[in-house]
Amino acid sequence: MFNYNYVTSQQLAGFDKYKYNAVDTNPLSVYVMQHLWNRIVKVVPLWIAPNLLTFTGFLLILKNYLLLSFYDWNYTASDPDSQHVPGWVWSVSGLTTFSAYALDSIDGKHARRTMSSSPLGELFDHGLDSWASSLFSLSLFSVFGVRAESGVSAYTLYYVLCIILLTFIISHWEKYNTGVLFLPWGYDISQVTLTVVYLVTAVIGVEAWHKPFLFGYFFTDILIAMAIGCSAVLSVPQTLYNIHLAHRREALLRTSLYEGLLPLFSPGLLFTLLTTWVLTSPSEILAHNPRIFLWMTGVAFSNVTCRLIICQMTNTRPEAFHWLLLPLAGISGGVATGILVQSEFLCLVAYSILVTVAHVHYGVCVGKQLSKHLNIYIFSLGKRHQE
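First, a word on what this report is: a plain description of the structure on this page. In this text the structure is predicted, and so the values were computed from the model without any measurement.

What follows is about the overall build of the protein. If you tally the helices and strands in the protein, you get 14 helices and two strands. In terms of overall size, the protein behaves like a compact globule, its C-alpha atoms giving a radius of gyration of 21 Å where 387 residues would be expected to give roughly 21 Å. Projected onto its principal axes, the C-alpha positions of the protein cover 60 × 55 × 45 Å. Among the 387 residues that make up the protein, the fraction classed as buried is 52%. Of all intrachain contacts in the protein linking residues separated by at least 6 positions in sequence, the fraction that spans at least 24 positions is 82%. Of the roughly 17900 Å² of accessible surface on the protein, a fraction of 67% belongs to carbon and sulfur atoms. Within the protein, one finds 21 positive and 21 negative side-chain charges whose respective centroids are separated by 13 Å.

A few words now on the packing of helix α5 (residues 119–144) against helix α12 (residues 290–314). Axis separation between α5 and α12 bottoms out at 9 Å; the angle between their running directions is 160°. Considered as vectors, α5 and α12 are oriented roughly antiparallel to each other. α12 is crossed by α5, and the crossing has right-handed handedness. The class makeup of the residues in the contact of α5 with α12 is 14 nonpolar, nine polar and two charged.

A full pass over the atoms with the stated rule returns 22 aromatic pairs. Seen from their ring centres, Trp 37 and Tyr 101 are 5.0 Å apart, and the 85° between their planes marks the pair as edge-to-face. Placement of the pair is Trp 37 in helix α2 (residues 27–40) and Tyr 101 in helix α4 (residues 87–113), with a sequence separation of 64 residues. Of the two residues, Trp 37 and Tyr 101, neither departs from the other in class, the shared state being buried. Centre to centre, the rings of Tyr 71 and Trp 88 are 6.1 Å apart; their planes meet at 90°, and the pair counts as edge-to-face. Placement of Tyr 71 in helix α3 (residues 50–71) and of Trp 88 in helix α4 is noted, with a sequence separation of 17 residues between them. Look at Tyr 71 and you get partly exposed, because its relative accessible area is 30%. Here the aromatic residues Trp 37, Phe 98, Tyr 101 and Tyr 187 are joined through ring pairs into a cluster of three or more. The ring of Tyr 176 carries Arg 254 above its face, with NZ or CZ at 3.8 Å from the centroid.

Moving on: empty space enclosed by the protein. On inspection of all chains with the given rule, the structure shows two cavities of 30 Å³ or more. By volume, the largest cavity amounts to about 50 Å³. Lining the largest cavity are Thr 167, Ile 170, Ser 171, Glu 174, Phe 182, Pro 184, Ser 235, Val 236, Gln 238 and Thr 239. When residues of the lining of the largest cavity are traced back to their parent elements, those giving at least two are α6 (154–178) and α8 (219–248). Split by residue class, the lining of the largest cavity holds four nonpolar, five polar and one charged. What the second largest cavity holds in volume is close to 40 Å³. Forming the walls of the second largest cavity are Leu 60, Ile 61, Asn 64, Thr 96, Thr 97, Leu 135, Phe 136, Ser 139 and Tyr 198. Contributing elements (two or more residues each) for the lining of the second largest cavity: α3, α4 and α5.

Rules used throughout
- Residues numbered from 1 in each chain as written.
- Predicted model: local features only at pLDDT ≥ 70, side-chain atom pairs only at ≥ 80, totals over all residues.
- Heavy atoms only, no water.
- Helix = DSSP H or I, 4+ residues; strand = E, 2+ residues; numbered from the N terminus.
- Rg over C-alpha atoms; globule rule 2.2 N^0.38 Å.
- Buried < 20%, exposed > 50% of the residue type's maximum accessible area, 1.4 Å probe, protein only.
- Contact = heavy atoms within 4.5 Å.
- Areas by Shrake-Rupley, 256 points an atom, 1.4 Å probe, with all protein chains shown as cover.
- Lys, Arg positive; Asp, Glu negative; His and termini not counted.
- Charge placed at Lys NZ, Arg CZ, Asp CG, Glu CD.
- Axes fitted to C-alpha atoms, helices over the stretch in contact; angles between N-to-C directions.
- Parallel < 35°, antiparallel > 145°, perpendicular 65-115°, else oblique.
- Left-handed = near helix turned anticlockwise from the far one by under 90°.
- Nonpolar A, V, L, I, M, F, W, Y, C, P; charged D, E, K, R; others polar.
- Phe/Tyr/Trp six-rings, centres within 6.5 Å; stacked < 30°, edge-to-face > 60°.
- Lys NZ or Arg CZ within 6 Å of the ring centre and 35° of its normal.
- 1 Å grid on protein atoms, 1.4 Å probe; cavity = no way out; pocket = protein on both sides within 12 Å on 5 of 7 lines; lining within 4 Å.
- Points joined across faces, edges and corners; volume = space filled by probe spheres on them.

So yeah, pure geometry; function would need other evidence.
So this is what it looks like as structure tokens:
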């Protein structure tokens, strides 16, 4: 069941030649957080595998998402007439968010401590990050809430999520073209902000975020502006500038515009089809089922992104069309033409299950395939026996 070979022989050969190359210029990370991580990593026992730290951090993020989903399924718990999320949940959210942030920041350092750095570890880390980027956002949305008086709707949440996810994939598209992963400034800023927002919410309550602040603006407006700002103002311009510099130095890995832009085709089509579905839905599927629709968006995005990450790590050509987009195109077309009006919700549930199962299957199979090829275990520092 989990023995399908998603990684091609050409890509496996690319992993054998792969060398990690990343640059971190974020002042918050370089001058503040790195000093903290260097102290924390010394506490981790040397027998623990780095991937175990990575996976534990992801599980904390998933646990936080599921906990908030239980108390705030439709993002309406912040409404004055609704039962609010208990204060202790926000405290747990702050703790788990910072813990996951710490684990994600020290896993690479621990890999170097234990001399166990590998392409599998980087792929495992960035692959889970591509999923976690949506889970972080979907959890924070419980602070925003869907409230008319603050101008936040399910459509607002969807567009914010799209901006955050597109920013994530652009950083890996940048590495696909330059060979260097320039770590986005927005990541550390967003993680610290998330932690502070959750802990403050635990103390003052979620209602405080929904009161007019400066010039009639709500705190939620500021939070949304920060989320968009970290992506659109910090990360995207930085990416475009780095690609421009590589072009001027004649250091780009792709010699043609088509090859350079190819990795963006599938994610671009994904968001086009999803937005078409949202805007043409006669039943306003997003407004009535935000939790399911946004979950599906995040998982589909992660699967598309993981394939790009493999291509940029192995210096291979990405696929122009991801097969998971085919059923999505059928659903979006059927909704837009009125054919699937009666079965739209069932299509949403079915497609959400499909992409979730497909993504988990993809992740497990790729992990097992690389584990076998590189002769290492995923969650252990021991070597595999040659078969």
